[in-house]
Amino acid sequence: MDKEFSVDSEGLHQAVELMSRDFSSAHGLDLPVELPQLGIGSTAALNSLAPNILGGAARLGEATSFAHMDPPTPWITWAVTLWNASLNQNLLHPATAPVARQMEQRVVAWLAPFFGMNGGHMTPGSTVANLTALWSARECAGITEVIASEGAHLSIAKAAHILGLNFRSVPVDANGSMDAAQLPINLSKSALVLTAGATSTGAVDPFVLAGRAAWTHVDAAWAGPLLLSKYAHLLAGIESADSVAVSTHKWLFQPKESALVLFKDTEKAHAAVSFGGAYLATPNIGVLGSHGATATALLAMLLSWGRQGVAQRIEHCMDLSHCLRDFVVADKRLELYGEPQTGIVVWRPKDESLFDQVLQQLPVGSTSTTSIAGRKWFRSVAANPSADIDRLIATIQVALPERT
Ligand SMILES: *Cc1c(COP(=O)(O)O)cnc(C)c1O
């Protein structure tokens, strides 16, 4: 037995111990330029990589981390991910994932009803989930074009391009939601994509439009998990969609890559995107070939926290975004883009010439920037339940010039 393939408790303890060390002073990549002829051994490799991998990473759970849709992840997902890496199951074939396939089915069965869907499968992100859903739309509903708002994620146009479908974009209103009045009248050959939580602004498209086209797809990559919380009403109408995409590695706190594509009629949708193979016991569903047991980390977190534990953390993130919104509105030097709908606050100094100066003074990872209709904005994203909003507001106040 080659020891490198078995549980090395000491080595793994060492790996965990390194996680709590402070490597903040480490800088620069210290790696051999060429593939080494002789290895240094696993313990030495871990020690040598720790300052780079652990010290060099963006800290998504830090008190001032409030910039992107990437959340910190709970430790139970790290533990299960370690198990997954050691077991290396392949969900493509039941023989190589007897239990993991059932785990994925169970986690999908737990979550799909919140979205008004009856099933689906996991993908490595909503980019692939959107592609899979629009592929099903093309096969099941004979659509020839994809319509989405100007605020839709680039993966929608990308999917249309890959699928050979025409892509049409519809203007947004002052809050960043699709302007329903500008939608074409005839949608009988269209897949209508409604976004729940636009990437730039967090805006939700009008869900009264769901069901009006030959196929309705909801891109709920960001805001989908609100359906497990007291904010579920913000996405009312989603149940009239034919398919939904959710990035579980965003607001469901999962390690990447983890997402869901869900369908109203899963049997039909899956059949439309399945291929058989002589060596496969079951048809290969969707875009992926070999794929891993991502679902087990999600299942473990849901078992640990329950729906309430998820809701509590998302609701806390929403509270943080509301505090920031209130601060922006109260401070005469600042301007709010629109009312934050799903935990994303878009704001800027009223004096445009201060933008870059303020940006430079904000802590790294506290704010991202976006451009809407040619204007630059700061974008604060409430993906981090551990964010300290008072501290964050204090850093903005320091970055702003004195009131005049
Ligand atoms: C992040 C995002 C996507 C893409 O999802 P990935 O998980 O990054 O592939 C699609 N749509 C929206 C609205 C997003 O915010």
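Parameters and conventions
Residues numbered from 1 in each chain as written. Predicted model: local features only at pLDDT ≥ 70, side-chain atom pairs only at ≥ 80, totals over all residues. Heavy atoms only, no water. Salt bridge = Lys/Arg side-chain N within 4 Å of Asp/Glu carboxyl O. Buried < 20%, exposed > 50% of the residue type's maximum accessible area, 1.4 Å probe, protein only. Helix = DSSP H or I, 4+ residues; strand = E, 2+ residues; numbered from the N terminus. Contact = heavy atoms within 4.5 Å. Domains from an automatic or database assignment. Arc of directions from axis to C-beta. Expected span 1.5 Å × (residues − 1). 1 Å grid on protein atoms, 1.4 Å probe; cavity = no way out; pocket = protein on both sides within 12 Å on 5 of 7 lines; lining within 4 Å. Points joined across faces, edges and corners; volume = space filled by probe spheres on them. Nonpolar A, V, L, I, M, F, W, Y, C, P; charged D, E, K, R; others polar. Pairing = 2+ DSSP bridges. Axes fitted to C-alpha atoms, helices over the stretch in contact; angles between N-to-C directions. Polar contact = N/O pair within 3.5 Å; in protein donor to acceptor, adjacent residues only side chain to side chain. Left-handed = near helix turned anticlockwise from the far one by under 90°. Near = heavy atom within 4 Å. Areas by Shrake-Rupley, 256 points an atom, 1.4 Å probe, with all protein chains shown as cover.

So, the pattern of salt bridges
Stage number 1. All told, the structure shown has 11 salt bridges when counted by the stated rule.
Stage number 2. Of the charged contacts in the structure, one is a salt bridge between Asp326 and Arg325, with a shortest N-O distance of 2.9 Å.
Stage number 3. We classify Arg325 as partly exposed; its relative accessible area is 21%.
Stage number 4. Sharing partners across several salt bridges, the network here consists of Glu335, Arg348, Glu352 and Arg375.

Regarding the environment of Val172
Stage number 1. Relative to the helices and strands, Val172 is located in the loop between strand S3 (166-170) and strand S4 (190-195).
Stage number 2. The exposure class assigned to Val172 is partly exposed, which follows from its relative accessible area of 26%.
Stage number 3. Apart from residues no more than four positions distant in its own chain, Val172 is found in contact with Ser149, Glu150, Gly151, Ser177, Met178 and Asp179.

Observations concerning the domain arrangement of the protein
Stage number 1. Domain annotation for the protein reports domain 1 (8-53), domain 2 (75-304) and domain 3 (307-399).
Stage number 2. Its C-alpha centre places domain 1 at a distance of 36 Å from the equivalent point of domain 3.

Overview of helix H6 (residues 154-163)
Stage number 1. When we look at burial in H6, the residues that qualify are Ser155, Ile156, Ala159, Ala160 and Leu163. Along H6, the residues classed as buried sweep out an arc of 140° about the axis, all on the same side. Exposed residues lying more than 90 degrees from the buried face of H6 are Leu154, His161 and Ile162.
Stage number 2. Buried-residue contacts for H6 involve helix H5 (126-141), strand S2 (145-149), S3, S4 and strand S5 (215-219).
Stage number 3. Gly164 occupies a position one or two residues after H6 and carries a positive phi of about 70°.

Some remarks on H5
Stage number 1. Taking 1.5 Å of rise per residue, 16 residues should cover 22 Å, and H5 covers 21 Å from first to last C-alpha, within 8% of that figure.
Stage number 2. Looking only at H5, the buried set comprises Ser126, Ala129, Asn130, Leu131, Thr132, Ala133, Leu134, Trp135, Ser136 and Ala137.
Stage number 3. Following H5 by one or two positions, Gly142 has its phi on the positive side, about 60°.

Description of the layout of surface pockets
Stage number 1. Size it by volume and the largest pocket reaches roughly 1900 Å³.
Stage number 2. Around the largest pocket, the lining comprises 42 residues; the ones closest to its centre are Ala15, Met19, Leu54, Trp78 and Leu82.
Stage number 3. The set of elements that each furnish at least two residues to the lining of the largest pocket consists of helix H1 (9-19), helix H2 (42-53) and helix H3 (75-87).
Stage number 4. Here the residues of the lining of the largest pocket sort into 25 nonpolar, 12 polar and 5 charged.
Stage number 5. When we break the lining of the largest pocket down by domain, the ones giving at least three residues each are domain 1 (8-53) and domain 2 (75-304).
Stage number 6. Arg101, Glu104, Gln105, His121 and Ile285 are the residues nearest the centre of the second largest pocket, which is lined by 20 residues in total.
Stage number 7. Counting residues per element, the ones that place at least two in the lining of the second largest pocket are helix H4 (100-111), strand S1 (119-123), helix H7 (266-272) and strand S9 (284-285).
Stage number 8. In terms of residues, the lining of the second largest pocket owes the most to one element, H4, which gives 5 residues.
Stage number 9. Here the lining of the second largest pocket is composed, by residue class, of 9 nonpolar, 9 polar and 2 charged.

A look at the sheet that holds S5
Stage number 1. In space, the 7 strands of this open sheet follow the order S1-S7-S6-S5-S4-S2-S3, with mixed pairing throughout. Strands with a single pairing partner mark the edges of an open sheet, and in this sheet they are S1 and S3. Direction aside, the axes of adjacent strands within the sheet are offset by 20° on average.
Stage number 2. Along the sheet, H4 makes contact with S1 and strand S7 (259-263), crossing S1 at roughly 120°.
Stage number 3. Contacts from H5 reach S1, S2, S4, S5, strand S6 (243-246) and S7 within the one sheet, and its direction differs from that of S5 by about 175°.

Description of the environment of Thr201
Stage number 1. With respect to the helices and strands, Thr201 occurs in the loop between S4 and S5.
Stage number 2. The residues contacting Thr201, other than those within four sequence positions of it, are Asn175, Gly176, Tyr337, Ile344, Val346 and Ile372.
Stage number 3. Engagement of the side chain of Thr201 in a polar contact is seen with the backbone nitrogen of Ala203, the distance being 3.2 Å.

With respect to the packing of H3 against helix H8 (residues 294-330)
Stage number 1. As a packed pair, H3 and H8 sit with axes 9 Å apart at the nearest point and diverge in direction by 150°. Where H3 crosses over H8, the handedness of that crossing is right-handed. When H3 is examined against H8, the residues Ile76, Thr77, Val80, Thr81 and Asn84 are found in contact with a partner set consisting of Thr294, Thr296, Ala297, Ala300, Met301 and Ser304.

Considering the site of the ligand
Stage number 1. Near the ligand there are 15 residues, and of these Thr127, Asp219, Ser247, His249 and Lys250 occur at the shortest range.
Stage number 2. The side chain of Thr127 places a nitrogen or oxygen atom 2.7 Å from an oxygen atom of the ligand.
Stage number 3. Relative to its free-state accessible area of 380 Å², the ligand is covered by the protein chains to the extent of 88%.
Stage number 4. Sorting elements by how many residues they give to the shell around the ligand places H5 first, with 3 residues.
Stage number 5. Classifying every residue of the shell around the ligand gives 2 nonpolar, 11 polar and 2 charged.

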